[in-house]
Amino acid sequence: MATCLVNCHVFKLFPADLQEHILTAEALYKGYQRSTHPHMAGSQSAKDLISMGSHAVQEYQPPDPPEEAVSDRVCFLFNNLTKVNVKEKSADVCDILEEGLLPWFAYYLVCKRVTVEHTFHDLFAMVLDFLQERLPNIRPSVLAEVFRNIKLILRSMRADKDDSTARVSLKNLGSFLGLVTLARNKPILHDDLNIKDLLYEAYSKGAVPLNYVVPFVSRVMRAATESIVFRPPNPWTVAILKVLREMHLMGDVKSTVRFEVIPDIPTHRSFYCSCRTIVFLPTLS
């Protein structure tokens, strides 16, 4: 509200003391945003997110690792993680972690586990839920690392080379992102990633970006099947599904990309039946 008033063309006509109060409120609000959403610092919308070529990638320095005994212990706990002992192992991890180790843990979880171990995403998401109870800053740290890796892959793709490893990593990041946000009724903020604009940008830049982005978005949106909030007719979800449907109907889109849009009916039948008339082809029943 304060920002709207400041941008209003009659703001300069307000009394001086009122202008001062409004400007103070705006500054406090912006400070609150930065403090409550640290991963939003330096965030970028989806516009021009896809950069064809490694020249656009900024050098990143991973967080300093902890002592070898600590990192080995965390690795051991994750190697022995199962659905039966997930709560116990999460408590052990929580006992090891300190506030200063959260950036390293987020880097380890996302880069060393999430991107390569897609079959354990459910377990990793459960661990994050348990850790969140005792370490409130763990989820923002992990989400920041997820978004950083997503943007890194998108900015590193090359028009003359299809990197299958990068595409698989991006799909895995999409699956995990959906699990820790949509599936838990938490939004993907526009400032972190504008998914609909990302689809449009990928289409405008050709086949290679589409081959990366459409599977990624499909993996993210599958998590809406487990959400109370983001199931259709949620407007945000329906808007993205409509864009995917448009791409499915376009003749210049590769069949491999179209296949990513076709719903997995046996697995998510109730979800897709509820939105079939909105999004998908009548033949997909």
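Predicted model, so just to flag it, every value in this text is computed and none were measured.

Engineer: Hey, could you go over the overall build of the protein for me, with residue numbers and the actual values?
Structural biologist: Within the protein one finds 13 helices and zero strands. When the elements of the protein are put in sequence order from the N terminus, they spell out α-α-α-α-α-α-α-α-α-α-α-α-α. Within the protein, the fraction of its 285 residues that count as buried is 45%.

Engineer: Lay out the packing of helix H5 (residues 102-114) against helix H7 (residues 138-156) with the relevant residues and their values.
Structural biologist: Contact geometry of H5 with H7 gives a least axis separation of 9 Å together with a crossing angle of 50 degrees. When the interaxial angle is binned, H5 and H7 end up oblique. H7 is crossed by H5, and the crossing has right-handed handedness. The segment H5 lies against H7, with Leu 102, Phe 105, Ala 106, Tyr 107, Leu 109, Val 110 and Cys 111 engaging Ile 138, Ser 141, Val 142, Glu 145, Val 146, Arg 148 and Asn 149. Residues of the contact of H5 with H7, tallied by class, amount to ten nonpolar, two polar and two charged.

Engineer: Quick rundown of helix H10 (residues 207-222)? Include the residues and the values.
Structural biologist: Over its 16 residues, H10 runs 23 Å from end to end, which matches the ideal 22 Å to within 8%, given 1.5 Å per residue. Among the 16 residues in H10, 14 count as buried, and that is most of the element.

Engineer: Lay out the environment of Val 229 with the relevant residues and their values.
Structural biologist: Among the structural elements, Val 229 can be located in the loop between H10 and helix H11 (235-249). Taking the C-alpha atoms as reference, Val 229 lies 8.8 Å from Ala 183; in sequence the two are 46 residues apart. With residues up to four places along the chain from it excluded, the contact list for Val 229 reads Asn 185 and Asn 234.

Engineer: Give me the packing of aromatic side chains: which residues, what numbers.
Structural biologist: The way to describe two aromatic rings as a pair is by their centre distance and the angle between their planes. Taken as a whole and assessed by the stated rule, the structure comprises six aromatic pairs. The interplanar angle of 45 degrees and the centroid separation of 6.0 Å between the aromatic rings of Phe 78 and Phe 105 together place this pair among those described as tilted. Of this pair, Phe 78 sits in helix H3 (residues 68-79) while Phe 105 sits in helix H5; the two residues are 27 residues apart in sequence, bridging distant segments of the chain. Both residues of the pair, Phe 78 and Phe 105, belong to the buried class. Between the aromatic rings of Phe 78 and Phe 124, the centroid separation amounts to 5.8 Å while the plane-to-plane angle is 55 degrees, which identifies the pairing as tilted. Highlighted residues: Phe 78 in helix H3 and Phe 124 in helix H6 (residues 121-134), separated in sequence by 46 residues. Every member of this aromatic cluster is reached through a ring pair, and the members are Phe 78, Trp 104, Phe 105, Tyr 108, Phe 120 and Phe 124.

Engineer: Give a description of the side chain of Ser 90 that names residues and reports values.
Structural biologist: For Ser 90, the location among the structural elements is in helix H4 (residues 86-96). Here Ser 90 is in contact with Val 127, Phe 130 and Leu 131, once residues within four sequence places are set aside.

Engineer: Any details on the pattern of salt bridges? Residues and values, ideally.
Structural biologist: When the charged atoms of two side chains with opposite charge come close together, those side chains can pair. One pass over the full model with this rule turns up six salt bridges. Across the pair Glu 201 and Lys 205 runs a salt bridge whose closest N-O atoms are separated by 3.0 Å. One end of the pair is Glu 201 and the other is Lys 205, both in helix H9 (residues 195-205) and four residues apart, which spans about a single turn. Take Glu 201: its relative accessible area is 8%, and that puts it in the buried class. Linked by salt bridges that have partners in common, Asp 129, Arg 139 and Arg 184 make up one network.

Engineer: Give me the environment of Ser 90: which residues, what numbers.
Structural biologist: Taking relative accessible area as the criterion, Ser 90 reaches 2% and is therefore assigned buried. Note: C-alpha distance between Ser 90 and Phe 130 (40 residues apart in sequence) is 6.3 Å. A polar contact is formed between the side chain of Ser 90 and the backbone oxygen of Val 86, at a distance of 2.6 Å.

Engineer: Outline the side chain of Asn 85, listing residues and values.
Structural biologist: Position of Asn 85 relative to the elements: it lies in the loop between H3 and H4. Of the polar contacts made by the side chain of Asn 85, one reaches the backbone nitrogen of Thr 82; its length is 2.8 Å.

Engineer: Break down the packing of helix H8 (residues 164-180) against H10 for me, citing the residues and quoting the values.
Structural biologist: In the contact formed by H8 and H10, the axes pass within 7 Å of each other and the chain directions differ by 25 degrees. Of the possible angle classes, the one that applies to H8 and H10 is roughly parallel. Where H8 crosses over H10, the handedness of that crossing is right-handed. Seen from H8, the contacting residues are Ala 166, Arg 167, Leu 170, Lys 171, Leu 173, Gly 174, Ser 175, Leu 177 and Gly 178; seen from H10, they are Asn 211, Tyr 212, Pro 215, Phe 216, Arg 219 and Val 220. Taken together, the residues that form the contact of H8 with H10 break down as eight nonpolar, four polar and three charged.

Engineer: Which residues make up H9, and what values do they have?
Structural biologist: Inspection of H9 places Ile 195, Leu 198, Leu 199, Glu 201 and Ala 202 among the buried residues, and these make up the whole buried set. Looking straight down H9, one finds its buried side chains confined to an arc of 165 degrees; they lie on one side. On its buried face, H9 sits against H7, H10 and H11. Where H9 terminates, the next one or two residues include Gly 206, which has phi positive at roughly 115 degrees.

Calculation notes
Residues numbered from 1 in each chain as written. Predicted model: local features only at pLDDT ≥ 70, side-chain atom pairs only at ≥ 80, totals over all residues. Heavy atoms only, no water. Helix = DSSP H or I, 4+ residues; strand = E, 2+ residues; numbered from the N terminus. Buried < 20%, exposed > 50% of the residue type's maximum accessible area, 1.4 Å probe, protein only. Axes fitted to C-alpha atoms, helices over the stretch in contact; angles between N-to-C directions. Parallel < 35°, antiparallel > 145°, perpendicular 65-115°, else oblique. Left-handed = near helix turned anticlockwise from the far one by under 90°. Contact = heavy atoms within 4.5 Å. Nonpolar A, V, L, I, M, F, W, Y, C, P; charged D, E, K, R; others polar. Expected span 1.5 Å × (residues − 1). Phe/Tyr/Trp six-rings, centres within 6.5 Å; stacked < 30°, edge-to-face > 60°. Salt bridge = Lys/Arg side-chain N within 4 Å of Asp/Glu carboxyl O. Polar contact = N/O pair within 3.5 Å; in protein donor to acceptor, adjacent residues only side chain to side chain. Arc of directions from axis to C-beta.

Shape descriptors only; they carry no functional weight alone.
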